[in-house]
Amino acid sequence: MNVGALYIPTDGKTHIFVRISDGDTTPCDLCFNQSTANSATVDWGDGSDPVTGSWTGAGTSKCVSHTYETGGDYEITIDVAEGKTISLNTGSNAWFINNLIYKVHIGERITFSSYMFVDSTRLELVTIPRGVTSISTYAFNKNRILKACILPDGLTSIDNYAFDDCNSLKVISFPNSLQTVGNYGVAHLYTVKNIYFG
C-alpha cells in the first residue's frame, strides 16, 4: 500500500480520479439527486468548462455527461454549494464509470445512495468525510480491487452488503461512533491485514 496515496484533500469537494484509455470516446456520466437546481458544479479536470445540474425536484436523479478527447488520468471534482446536499450515484451507465474510477475522496454535503460504486473494477482507495452517518446497501459491493477504506467519525451504520466481497481490501478503519452493521455489511474480506478502531 502506497502511504502517499492516503493523502486526503481538505477543500470539502469530492474528488473522483478516473483513468481513460486511448481512443475511448464513451461519454462519462455522473448522476446525482438534488432538490434545488444547480446545487453542484462538476469540473471534469481536462480544462473544459465546469457544468452544473440544472434540473430540480426531490428524488430526481439525472446525469451530467462528458467525453474526454484523449486518454489519461483525470481528476473530477464535485463542489456542492453551501447549504445544499446531493445524493451521488452512478446512474444507468454505472458499469462504465465504475470501470474508470481508481480513487475517490468523498467531500462535504454528499450522501450515499445504494449501489453507489458497486462492481468497480479499478477502485483502490476510498475516503469518506465527517458528516456521513450511513453507508448504503451495496455501496461498495464486489469492489475486488479496493485496498483501503477510511471511514469517518460520526458514521453510525453500515447497511446490508455494503462491503461484501471486497476481497482485495487490506486496510479498513471503524470509528467509535459505529453502532450497527447490516447483514454481510462487512463480509468475505479474506485479505485484510490491518483493522483500526477509534
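This text follows the structure it describes.
Treat the numbers as computed from the prediction; the structure is a model and nothing was measured.

Looking at this structure, I do not really get the environment of V181. What am I missing?
Mapped onto the fold, V181 is located in strand β15 (residues 180-181). For V181, a relative accessible area of 43% puts it in the partly exposed group. In sequence terms V181 and I135 are 46 residues apart; their C-alpha atoms lie 9.6 Å from each other. Sequence-distant contacts of V181, that is, excluding residues within four places in its chain, are made with I158 and V186.

I'm lost on the pattern of salt bridges in this one. Help?
Should their charged atoms come close, side chains of opposite charge can pair. Under the defined criterion, the tally for this structure stands at 6 salt bridges. For E108, the salt bridge identified is with R109, shortest N-O distance 3.3 Å. The class of E108 is partly exposed, set by a relative accessible area of 39%. The class of R109 is partly exposed, set by a relative accessible area of 23%. K147 is paired through a salt bridge with E124; the nearest N and O atoms lie 3.7 Å apart. Separated by 23 residues along the polypeptide, K147 in the loop between β11 (134-135) and β12 (148-150) and E124 in the loop between β9 (110-112) and β10 (125-127) bring together distant segments of the chain.

Before we go on, may I ask you to explain the sheet that holds strand β4 (residues 51-52) in this structure?
Pairing between sheet strands relies on hydrogen bonds along the backbone, with the strands arranged either parallel or antiparallel. The strand order across the open sheet formed by 9 strands is β4-β3-β6-β1-β8-β10-β12-β14-β16, and the pairing between neighbours is mixed. Since the sheet does not close on itself, it has two edges, and those belong to β4 and β16 (194-197), each with one partner. Here strand β1 (residues 14-20) runs beside strand β6 (residues 72-80); their pairing, made up of 7 bridges, is antiparallel. Following the sheet pairing, F17 is matched in β6 by E75.

Quick question: what am I supposed to make of the pairing of β6 here?
A regular strand places its side chains so that they alternate between the two faces of the sheet. Bridging between strand β3 (residues 40-43) and β6 involves 4 bridges; their strand directions are antiparallel. What sits directly across from T41, in β6, is D79.

Before we go on, may I ask you to explain the state of the cysteines in this structure?
Put plainly, two cysteines are in a disulfide when a covalent bond ties their sulfur atoms together. Inspection of every chain in the model, using the stated rule, returns 1 disulfide. One disulfide in the model links C31 with C63; its S-S distance is 1.8 Å. Here the S-S torsion is close to 85°, and the disulfide linking C31 with C63 is therefore right-handed. Residue C31 is located in strand β2 (residues 28-34), and its partner C63 is located in strand β5 (residues 61-66); the two are separated by 32 residues in the primary sequence. No disulfide involves C28; its sulfur sits 9.6 Å from that of C31, the nearest cysteine. In this structure C166 is a free cysteine whose sulfur lies 8.3 Å from that of C149, the closest cysteine sulfur available.

What is the right way to look at the packing of aromatic side chains in this model?
How two aromatic rings sit relative to each other is set out by the distance from centre to centre and by the angle between their planes. Within this structure, the stated rule accounts for 8 aromatic pairs. Ring geometry for Y68 versus Y74: centroids 4.3 Å apart, planes at 25°, classification stacked. For Y68, a relative accessible area of 4% translates into the label buried. With a relative accessible area of 12%, Y74 lands in the buried category. The interplanar angle of 20° and the centroid separation of 5.7 Å between the aromatic rings of F117 and F140 together place this pair among those described as stacked. Here F140 lies in the loop between β11 and β12 and F117 lies in the loop between β9 and β10, a separation of 23 residues in the sequence.

Cut-offs applied
- Residues numbered from 1 in each chain as written.
- Predicted model: local features only at pLDDT ≥ 70, side-chain atom pairs only at ≥ 80, totals over all residues.
- Heavy atoms only, no water.
- Helix = DSSP H or I, 4+ residues; strand = E, 2+ residues; numbered from the N terminus.
- Buried < 20%, exposed > 50% of the residue type's maximum accessible area, 1.4 Å probe, protein only.
- Contact = heavy atoms within 4.5 Å.
- Salt bridge = Lys/Arg side-chain N within 4 Å of Asp/Glu carboxyl O.
- Pairing = 2+ DSSP bridges.
- Disulfide = S-S within 2.5 Å.
- Phe/Tyr/Trp six-rings, centres within 6.5 Å; stacked < 30°, edge-to-face > 60°.

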